[in-house]
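As a plain string of letters, each chain reads:
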Amino acid sequence: MDRDNLILALSESFVSWATFWRIVDRIEIEDLPKKVDYLYSLGVIRENQYRILSNIDWSKDRKGELEKRGVGYITFYDPNYPSKLNRVKQPPYVIFYRGNIELLKLPMVGIVGSRKATKLGREFARSEASKIAGRGYVVVSGFAQGIDTEAHEGALISGKTIACFGTSCDDVYPRQNFRLYERMLDSGNLIISPFYRSVGQKFVFPLRNSIISALSDYLVVVEAGEKSGAVITAMYAFEMGVPIYAVPGRPWDPSSKGTNRLIKMGARLYESYRDLGIEDIETPVVRKKEKSYPGDLPSGTFTVEEYADARGIEVEEAQVILMELELMGFVTKVAPGIYMSIDRG
């Protein structure tokens, strides 16, 4: 039997990563359809797993189904399978994707945080993601509302981003992010998921979080409650030896409880991308928008909204760009929401 189609059958039936690795410890995966009874007799699979495996239609054309859905996949046996996923104790045996799979070969910075983020936290995440992506690092996050969304949005301004879904990679959740999903795919970014189809259960999110941790060369936690998913992601990173950075916050603020706790546990304090010690990387995915900034500037004073309209971008994106231009010395802020071009001639 075709190995890939067999692996896809296991994923479609929600056979866990742990079960898969117990099976391949005993038999060649290609022999599975005729050795289900044998594995059950050895106690390698339990009764519920035996029922699932016994009822799989091994002949179904799952490759064709994925092709119709516009979804690609990489199995553990594929030479392009990301080696960093081996940081997971029992790694996903297949990853599904839409978009530019080549991004998995590049260095990455994970940025995660609270769904119920503060305004300042969201702005900070977007600004830092833009600066990190602009230096050639791919920003990876979980596509949730709040900090995750801002991390993806910021990365799109100056570079590339990867979203790791807790649903199938063609099932957009949350629905409010559908436009972000389309923009990511239209501009050569990547959506990944370990799920053939959506499960709709909470256990999927820790699995998703473990993938984010494993792919990250650095992990930055911007805001997080004490028992949040972002803290779980950081715990995985601690186990994997991934450098963890946390943005400190006010001790009485619930959104800072998790990040402050992580710092106590050994995470490094994060104030800006410079804390990561990263240098610019020359890769084909970096869009050097900074070079076009000065020529795009209106003369005299202008508002954020006017700048956004002139460039055909969202106001939020314009705010991040103008903050960067202020740091670069091209504009100065003369009042809230009002900037002035600086003549550098």
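This is a predicted model, so every value here is computed, not measured.

Thoughts on the nonpolar core
And then number 1: Within the largest apolar cluster, 73 residues are counted, with the highest numbers of intra-cluster contacts made by L10, L32, L53, F96, I162 and I192.
And then number 2: Within the second largest apolar cluster, 21 residues are counted, among which are A125, Y137, V139 and A155.

Examining the sheet that holds strand β11 (residues 331–335)
And then number 1: The sheet built from three strands is open, its strands ordered β10-β12-β11 with antiparallel pairing. Strands with a single pairing partner mark the edges of an open sheet, and in this sheet they are β10 (301–303) and β11. Taking the axes of each pair of neighbouring strands and ignoring which way they run, one obtains an average angle of 35 degrees across the sheet.
And then number 2: Judged from the three bridges that link them, β10 and strand β12 (residues 338–341) form a sheet pairing that is antiparallel.

Here we look at the side chain of S11
And then number 1: By secondary structure assignment, the location of S11 is in helix α1 (residues 3–12).
And then number 2: Residues contacting S11, with those up to four places away along its chain left out, are Y93, V94, F96, P194, F195 and Y196.

Regarding a nonpolar patch on the surface
And then number 1: Side chains of V334, I338 and M340 sit close together on the surface and give an oily, nonpolar patch of about 220 Å² of accessible area.
And then number 2: Take I338: it is sitting in strand β12.
And then number 3: Of the residues examined, I338 reaches a relative accessible area of 32% and is grouped as partly exposed.

So, the environment of V109
And then number 1: By the secondary structure assignment, V109 is in strand β3 (residues 108–112).
And then number 2: Note on V109: relative accessible area 0%, which makes it buried.
And then number 3: Residues V109 and S216, spaced 107 residues apart in sequence, show a C-alpha to C-alpha distance of 5.1 Å.
And then number 4: Not counting residues up to four positions away in its chain, the partners in contact with V109 are I132, Y137, V138, V139, V140, S216, Y218, V220 and L276.

Focus on the environment of M108
And then number 1: Within the secondary structure, M108 is located in strand β3.
And then number 2: Taking the C-alpha atoms as reference points, M108 and Y270, 162 residues apart in sequence, are found 17 Å from one another.
And then number 3: Once residues lying within four places of it in the same chain are set aside, the contact partners of M108 are K84, L103, Y137, V138, V140, I162, L215, S216, D217 and Y218.

Observations concerning helix α9 (residues 204–215)
And then number 1: Between the first and last C-alpha of α9 there are 17 Å, a value that for 12 residues agrees with the 16 Å anticipated at 1.5 Å per step.
And then number 2: Extensive coverage of α9 is indicated by the burial of nine of its 12 residues.
And then number 3: Taken together, the buried positions of α9 are occupied by V204, R208, N209, S210, I211, I212, S213, A214 and L215.

Remarks on the confidence of the model for the protein chain
Low-pLDDT stretches of the model should not have their predicted coordinates read in fine detail.
And then number 1: Summarising the model, the protein chain shows a mean pLDDT of 89, and 93% of its residues fall at 70 or more.
And then number 2: Every residue in residues 285–292 is under pLDDT 50, and counting partners more than four places away or in other chains gives 20 contacts.

Quick word on unusual backbone geometry
And then number 1: Here the residue pair Y173 and P174 is connected by a cis peptide bond, since its omega of 0 degrees sits within 30 degrees of zero.
And then number 2: With respect to the element layout, P174 can be found in the loop between β5 (161–164) and α8 (178–186).
And then number 3: The backbone of F143 shows a phi angle near 65 degrees, a positive value even though the residue is not glycine.
And then number 4: Assignment of secondary structure puts F143 in the loop between β4 (138–141) and α7 (147–158).
And then number 5: You can call F143 buried: its relative accessible area is 0%.

A closer look at the side chain of S228
And then number 1: Inspection of the secondary structure assignment puts S228 in the loop between β7 (218–221) and α10 (229–240).
And then number 2: Polar side-chain contacts of S228 include one of 3.0 Å to the backbone oxygen of G225.

Side note on the sheet that holds strand β1 (residues 72–75)
And then number 1: Overall, mixed pairing links the nine strands, which are arranged β1-β2-β6-β5-β4-β3-β7-β8-β9 in an open sheet. Both outer strands of the open sheet, β1 and β9 (268–269), are each paired with one neighbouring strand and no more.
And then number 2: One ladder, built from four bridges, connects strand β2 (residues 94–99) with strand β6 (residues 190–193); its direction is antiparallel. Across the sheet, F96 pairs through a bridge with S193, a residue of β6.
And then number 3: Along the sheet, α9 contacts β2, β3, β4, β5, β6 and β7; its crossing angle with β5, the most-contacted strand, is approximately 150 degrees.

A word on the pattern of salt bridges
And then number 1: Considering all chains together, one arrives at 15 salt bridges under this definition.
And then number 2: Between R69 and D170 there is a salt bridge, with the nearest N and O atoms lying 2.8 Å from each other. In this pair, R69 is assigned in helix α5 (residues 62–69) and D170 in the loop between β5 and α8, connecting sequence segments 101 residues apart.
And then number 3: Of the residues examined, D170 reaches a relative accessible area of 27% and is grouped as partly exposed.
And then number 4: R250 is paired through a salt bridge with D253; the nearest N and O atoms lie 3.3 Å apart.

So, the packing of aromatic side chains
And then number 1: This structure, assessed with the given rule, holds 16 aromatic pairs.
And then number 2: A network of ring pairs unites the aromatic residues F20, W21, F76, Y77, Y81 and Y93 as a single cluster.
And then number 3: Directly above the ring of Y196 sits R69, whose terminal nitrogen or CZ lies 5.3 Å from the centroid.
And then number 4: The ring of F205 has R115 sitting right over it, with the charged end atom 5.7 Å from the ring centre.

About the criteria used
- Residues numbered from 1 in each chain as written.
- Predicted model: local features only at pLDDT ≥ 70, side-chain atom pairs only at ≥ 80, totals over all residues.
- Heavy atoms only, no water.
- Core = buried A, V, L, I, M, F, W, Y, C linked by side-chain atoms within 4.5 Å.
- Buried < 20%, exposed > 50% of the residue type's maximum accessible area, 1.4 Å probe, protein only.
- Pairing = 2+ DSSP bridges.
- Helix = DSSP H or I, 4+ residues; strand = E, 2+ residues; numbered from the N terminus.
- Axes fitted to C-alpha atoms, helices over the stretch in contact; angles between N-to-C directions.
- Contact = heavy atoms within 4.5 Å.
- Patch = residues over 30% accessible without salt bridge, like charges linked within 9 Å, V, L, I, M, F, W, Y side chains within 5 Å.
- Areas by Shrake-Rupley, 256 points an atom, 1.4 Å probe, with all protein chains shown as cover.
- Salt bridge = Lys/Arg side-chain N within 4 Å of Asp/Glu carboxyl O.
- Expected span 1.5 Å × (residues − 1).
- pLDDT = per-residue confidence, 0-100.
- Polar contact = N/O pair within 3.5 Å; in protein donor to acceptor, adjacent residues only side chain to side chain.
- Phe/Tyr/Trp six-rings, centres within 6.5 Å; stacked < 30°, edge-to-face > 60°.
- Lys NZ or Arg CZ within 6 Å of the ring centre and 35° of its normal.

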